[in-house]
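Read off the chains here:
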Number of protein chains: 2
Amino acid sequence: MSEFMETAVVLAERKLIERIRRLAQTTGHRGVVRGIGDDAAILQVAKNHQLLVTTDLCIEGVHFRREWHPARCVGHRCLTRGLSDVAAMGGEPVACFLSLGLPPKLPQRWVDDFLKGLVDLASQSGAALAGGDISYADKIMIDIVVTGQVPAKKAVLRSGARSGDRIFVTGELGGSAAVLKQLYAGTQVTPMKNNRHFYPVARLDAGVWLRQHGATAMIDLSDGLSVDLAHICAESHVHATVDAVRLPMAEAADLVLALHGGEDYELLFTVRGKAKLPSKIAGVQITEIGEIQPPANSRTRVRLRDLNGRVGPLKPAGWQHFSKTC
Amino acid sequence: MSEFMETAVVLAERKLIERIRRLAQTTGHRGVVRGIGDDAAILQVAKNHQLLVTTDLCIEGVHFRREWHPARCVGHRCLTRGLSDVAAMGGEPVACFLSLGLPPKLPQRWVDDFLKGLVDLASQSGAALAGGDISYADKIMIDIVVTGQVPAKKAVLRSGARSGDRIFVTGELGGSAAVLKQLYAGTQVTPMKNNRHFYPVARLDAGVWLRQHGATAMIDLSDGLSVDLAHICAESHVHATVDAVRLPMAEAADLVLALHGGEDYELLFTVRGKAKLPSKIAGVQITEIGEIQPPANSRTRVRLRDLNGRVGPLKPAGWQHFSKTC
């Protein structure tokens with residue numbers, strides 16, 4: 001039973017936890033009563049608010065590749081996924097939690113850079129790093145929980161879209177998938193800070209604005225427009241038509257990438273037919289891309305009006321991670 | 001870019017999510033305003049309460065082995081780890097979240113049995129399954145988040161022990177490690193429902209009672225007494241002495257297992273010197289095992305009075321998972 005007697009592994013784990021605890025102290029949020037260092041974190045939800053909780057897995061070879069994605073970018077991207085979910089409810093971040101499975105031979109430098117990417121974004125976005133867990137794993141695996149808060153009963157759900165509502169997106173579509181296509185093709189892409197594939201931005205301010213100004217349904221574009229709009233339609237029991245000609249395509253993206261490419265982390269939302277919106281929200285361009293219709297006798301909930309004006313089914317194709325290649 | 005066009009993988013994932021969503025509906029908690037089916041879960045914390053959040057990783061080959069631990073027991077054990085953290089704060093469970101990385105060739109039967117173990121315990125303990133994430137992984141990896149609630153400012157922290165406090169544990173020690181020792185030795189052990197290695201029980205009712213009756217510090221015994229008592233001492237800035245002769249040892253456990261064996265999920269707690277406690281709390285025997293002392297000029301915070309009455313350092317050895325063997 002020497003497993004119970006040797007101390008090296010526990011100490012290594014404790015050293016890493018101590019390092020994370022020090023880093024976490026730079027990411028305060030007044031809602032975190034007690035962060036790392038006890039059996040559980042204690043959060044104080046603001047008066048008349050409800051708590052949001054979202055979890056996102058990031059697994060090496062599935063959600064990122066070490067040869068493509070620098071460690072710092074991995075830390076940033078993982079946290080963005082959860083922040084974007086909070087944005088899509090119209091909430092503000094409170095705290096994040098990091099569960100980390102690490103291969104024994106992973107360089108400590110990788111872990112440090114990963115933590116830097118995560119903690120920098122946590123500080124900027126107000127999501128204090130408040131806890132987590134660490135273990136061995138064969139490949140790097142990261143599970144990030146983000147908690148947020150939203151005024152009670154005011155969260156913008158996927159289920160609020162009604163026939164006659166207009167459909168909008170923030171920003172541009174297909175940019176992240178366009179970079180991924182280049183990476184698959186063997187093209188060197190420098191992971192610049194302003195590249196939305198490597199350093200995506202959760203639309204937190206726009207999400208709050210939209211909650212305050214009557215968005216009826218909202219989701220973030222993590223899986224791709226065709227999948228995520230189908231989610232809104234399923235939860236709202238409606239159908240929808242998207243106009244190809246209106247889609248705000250990112251540079252280097254094409255129609256397929258704009259419709260099915262994931263990880264743009266833009267917001268897809270609906271508003272009542274007569275609602276008036278500015279052209280930009282919280283500094284981000286918004287674009288009307290289609291309309292919500294009553295449910296019809298068709299299994300395909302989303303239809304596409306193509307560039308020639310023909311309307312046909314838009315199947316939810318969406319994001320396949322890197323599953324084919326690892 | 002066929003990755004974006006094929007639908008098989010997304011549908012398989014969605015089918016599994018639908019199955020989990022149906023199962024989750026059997027695990028309601030009034031604090032869960034919105035569970036699976038949106039970007040984030042929405043939780044309503046009871047008035048004048050704070051929220052607890054804890055995360056626990058369970059990785060195949062590290063925290064469990066498929067040949068030793070039936071899938072149903074894995075689901076139960078993973079959730080128990082988080083419930084036990086909530087118990088150790090004196091809280092009550094509200095919701096749990098399941099992030100699941102699954103190898104493509106894993107039999108669906110394994111997943112179904114795992115979910116049954118998890119959902120059964122979630123229902124019993126009042127921790128509604130309210131969300132999560134799914135991905136591919138090389139080995140099974142599970143991250144479980146448990147949220148709970150506790151009256152504001154009343155959580156029992158690790159940091160509240162003071163010199164003169166008495167140290168207690170619930171239940172018996174070393175039982176889980178004794179089974180593990182048998183498994184390592186190649187002995188067949190039937191995973192009976194009343195076996196605390198396979199189906200450990202979080203001491204939730206005892207935790208609430210202890211919070212209401214003045215426990216000064218508390219932690220759950222997940223890593224082993226020597227490690228977990230050192231955590232209380234570190235956070236409380238005190239030292240402690242444990243009496244070997246007083247330790248309530250489980251059947252088949254020896255002193256080493258009682259001191260260093262993990263995963264008993266009993267509660268280790270302190271009370272003021274003059275506090276009066278019953279012999280059982282919420283149906284569970286409690287045992288006084290030592291006392292808290294002022295901080296001394298020694299790196300070893302915990303000392304052991306051995307069976308001969310000699311006092312020496314008790315090094316935090318603790319729990320090494322299965323790291324040596326996988």
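You'll find the structure just up there.
Residues numbered from 1 in each chain as written. Chains lettered and ligands numbered in written order. Predicted model: local features only at pLDDT ≥ 70, side-chain atom pairs only at ≥ 80, totals over all residues. Heavy atoms only, no water.

Colleague: Would you mind showing me how to read the interface of chain A and chain B here?
Modeller: Interface size is commonly expressed as the accessible surface area that is lost when the partners come together. Of the residues lining the interface, 79 residues belong to chain A; the matching set on chain B comes to 79 residues. In total, chain A and chain B occlude about 6600 Å² of area from one another, counting both sides; carbon and sulfur atoms represent 59% of this. In this assembly, chain A and chain B are joined by 12 salt bridges. For Asp133 of chain B, the salt bridge goes to Arg81 of chain A, with nearest N and O atoms at 3.7 Å. Between the two partners, chain A and chain B, sit 24 residue pairs in polar contact (both at pLDDT 80 or more). It is strand 3 (residues 49-59) of chain A that contributes the most residues to the side of chain A that touches chain B, 10 residues altogether. Residues of the side of chain A that touches chain B, tallied by class, amount to 39 nonpolar, 20 polar and 20 charged. (Contact = heavy atoms within 4.5 Å. Buried area = accessible area lost by both parts, 1.4 Å probe. Salt bridge = Lys/Arg side-chain N within 4 Å of Asp/Glu carboxyl O. Polar contact = N/O pair within 3.5 Å; in protein donor to acceptor, adjacent residues only side chain to side chain. Helix = DSSP H or I, 4+ residues; strand = E, 2+ residues; numbered from the N terminus. Nonpolar A, V, L, I, M, F, W, Y, C, P; charged D, E, K, R; others polar.)

Colleague: Looking at this structure, how should I read the sheet that holds strand 5 (residues 128-136) of chain A?
Modeller: Within a sheet, adjacent strands bond to each other through the backbone by hydrogen bonds, running parallel or antiparallel. Sheet architecture is open: 6 strands sit in the order 5(A)-4(A)-6(A)-3(A)-2(B)-1(B), paired in mixed fashion. Among the strands making up the open sheet, the edge pair consists of strand 5 of chain A together with strand 1 (32-34) of chain B. On average, each strand axis in the sheet is tilted by 25° relative to the strand beside it, whichever way the strands run. Across 8 bridges, strand 4 (residues 92-102) of chain A lies against strand 5 of chain A in parallel orientation. Bridge pairing in strand 5 of chain A links Ala95 of chain A to Ala128 of chain A. Against the sheet, helix 2 (residues 71-88) of chain A engages strand 3, strand 4 and strand 6 (141-151) of chain A, with an angle of about 145° to strand 3 of chain A. (Pairing = 2+ DSSP bridges. Axes fitted to C-alpha atoms, helices over the stretch in contact; angles between N-to-C directions.)

Colleague: Honestly, the relation of the copies chain A and chain B in this entry has me stumped. Any pointers?
Modeller: To go from the first copy of the chain to the second, apply a rotation about an axis and then a shift along the same axis. It takes a turn of 180° to lay chain A on chain B, together with a shift of 0.0 Å along the axis; the resulting RMSD is 0.0 Å. In short, the pair behaves as if placed about a two-fold rotation axis. Using C-alpha coordinates, one finds that chain A approaches the rotation axis most closely at Asp143 of chain A, a distance of 3.5 Å. Same-surface contact between copies: 100% of interface residues of chain A are shared with the interface of chain B. (Least-squares fit on C-alpha atoms with pLDDT ≥ 70 in both.)

Colleague: What's the story with the sheet that holds strand 1 (residues 32-34) of chain A in this structure? I'm lost.
Modeller: Across the sheet, 6 strands lie side by side as 1(A)-2(A)-3(B)-6(B)-4(B)-5(B); this open sheet has mixed pairing. The two strands at the open ends of the sheet, each matched to only one other strand, are strand 1 of chain A together with strand 5 (128-136) of chain B. Across this sheet, the average inter-strand angle for adjacent strands is 25°, counted without regard to direction. Strands in contact with helix 2 (residues 71-88) of chain B are strand 3 (49-59), strand 4 (92-102) and strand 6 (141-151) of chain B; relative to strand 3 of chain B, the strand with the most contacts, it is inclined by about 145°. Along the sheet, helix 3 (residues 108-125) of chain B contacts strand 4, strand 5 and strand 6 of chain B; its crossing angle with strand 4 of chain B, the most-contacted strand, is approximately 170°.

In short, shape yes, function no, at least from these values alone.
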